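Now for the letters of each chain:
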Amino acid sequence: MSSPRPRILLIEDEKTIALGISYNLKKNGYDVELAEDGQQGLGRALEKKFDLIILDVMLPRLDGLSVCKELRRQRVWTPILMLTARSETHDRVQGIKLGADDYLGKPFSLDELFVRITALLRRREWDSSASTRVSIEQERYELGEVLFDSNLQVLFFKEKRV
């Protein structure tokens, strides 16, 4: 039995770009669902499970940064790749701070887009297969060498003792 095709939600309002990306993703073995504005994309991301979200920043009805922020607020941890013409350093920093996993500026090469998609999906696959221990009393979550305290909302890195 083969594994299912990775599901990608593409939130992009420029039809030419959306159709081009969608065509190339499908041709390379991905299932793609399109959303044409931020409100529609947010709704789909909240109601369905995707392996990756590709999100434009400048969208009608609800901008991509707001979509990203709301998804993270609602504890949707699907990897998000921001794809936008706004690629100044402060734009990239803001996108990552709000919860995006990666940020690719337009114009972009398809090769770079696919490398980034592959890396994000590989990381997600690793995360879902990693053994996670949860201590409910302390509300701390441990994944490998990283410890997250949900009360303090702080990440700790365990010391390695030699």
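Before reading on, note that the structure itself is shown above.
Cut-offs and rules
Residues numbered from 1 in each chain as written. Predicted model: local features only at pLDDT ≥ 70, side-chain atom pairs only at ≥ 80, totals over all residues. Heavy atoms only, no water. Helix = DSSP H or I, 4+ residues; strand = E, 2+ residues; numbered from the N terminus. Buried < 20%, exposed > 50% of the residue type's maximum accessible area, 1.4 Å probe, protein only. Polar contact = N/O pair within 3.5 Å; in protein donor to acceptor, adjacent residues only side chain to side chain. Contact = heavy atoms within 4.5 Å. Salt bridge = Lys/Arg side-chain N within 4 Å of Asp/Glu carboxyl O.

Caption draft 1: Structural context of the side chain of Lys106. Positionally, Lys106 belongs in the loop between β5 (102-105) and α5 (110-129). The class of Lys106 is buried, set by a relative accessible area of 15%. A distance of 3.0 Å separates polar atoms of two side chains, one belonging to Lys106 and the other to Glu12. Beyond its immediate stretch of four places on either side in the chain, Lys106 contacts Glu12, Glu14, Ile17, Asp56, Leu83, Thr84 and Ala85.

Caption draft 2: Focus on unusual backbone geometry. For the peptide bond that leads from Lys106 to Pro107, omega is -5 degrees, which places it in the cis range. Within the secondary structure, Pro107 is located in the loop between β5 and α5. Here Arg61, not a glycine, exhibits a phi torsion of approximately 70 degrees, which is positive. By the element assignment, Arg61 lies in the loop between β3 (52-55) and α3 (64-73). Note on Arg61: relative accessible area 63%, which makes it exposed. Not every positive phi belongs to a glycine, and Arg75 is a case in point at roughly 65 degrees. With respect to the secondary-structure elements, Arg75 resides in the loop between α3 and β4 (80-84). Residue class for Arg75 comes out exposed when judged on its relative accessible area of 64%.

Caption draft 3: Just the environment of Ala85, in detail. Relative to the elements of secondary structure, Ala85 occurs in the loop between β4 and α4 (89-97). For Ala85, a relative accessible area of 45% translates into the label partly exposed. Separated by 19 residues in sequence, Ala85 and Leu104 have C-alpha atoms that sit 8.6 Å apart. Ignoring sequence-local partners within four residues, the contact set of Ala85 consists of Met58 and Lys106.

Caption draft 4: Broad picture of α3. Most of α3 sits inside the fold, with seven of its 10 residues counted as buried. Taken together, the buried positions of α3 are Gly64, Leu65, Val67, Cys68, Glu70, Leu71 and Arg72. Residues of α3 that are buried sit in contact with β1 (7-11), α2 (38-47), β3, β4 and α4. In the stretch just after α3, Arg75 is the one whose phi turns positive, near 65 degrees.

Caption draft 5: Examining the pattern of salt bridges more closely. As enumerated under the stated definition, the model contains 13 salt bridges in all. Residue Glu33 pairs with Arg7 through a salt bridge whose shortest N-O separation is 3.6 Å. Taken together, the positions of Glu33 in strand β2 (residues 31-35) and Arg7 in strand β1 put the pair 26 residues apart, joining distant regions of the chain. Judged by relative accessible area, Glu33 falls into the buried class, the value being 16%. For Arg7, a relative accessible area of 30% puts it in the partly exposed group. Residue Asp101 is joined to Arg72 by a salt bridge in which the shortest nitrogen-to-oxygen separation is 2.9 Å. With Asp101 in the loop between α4 and β5 and Arg72 in helix α3, the pair connects residues that are 29 residues apart, well separated along the chain. Residue Arg72 is classed as buried on the basis of its relative accessible area, which comes to 12%. Bridged by salt links that share partners, the residues Arg7, Glu33, Arg44 and Lys48 form one connected network.

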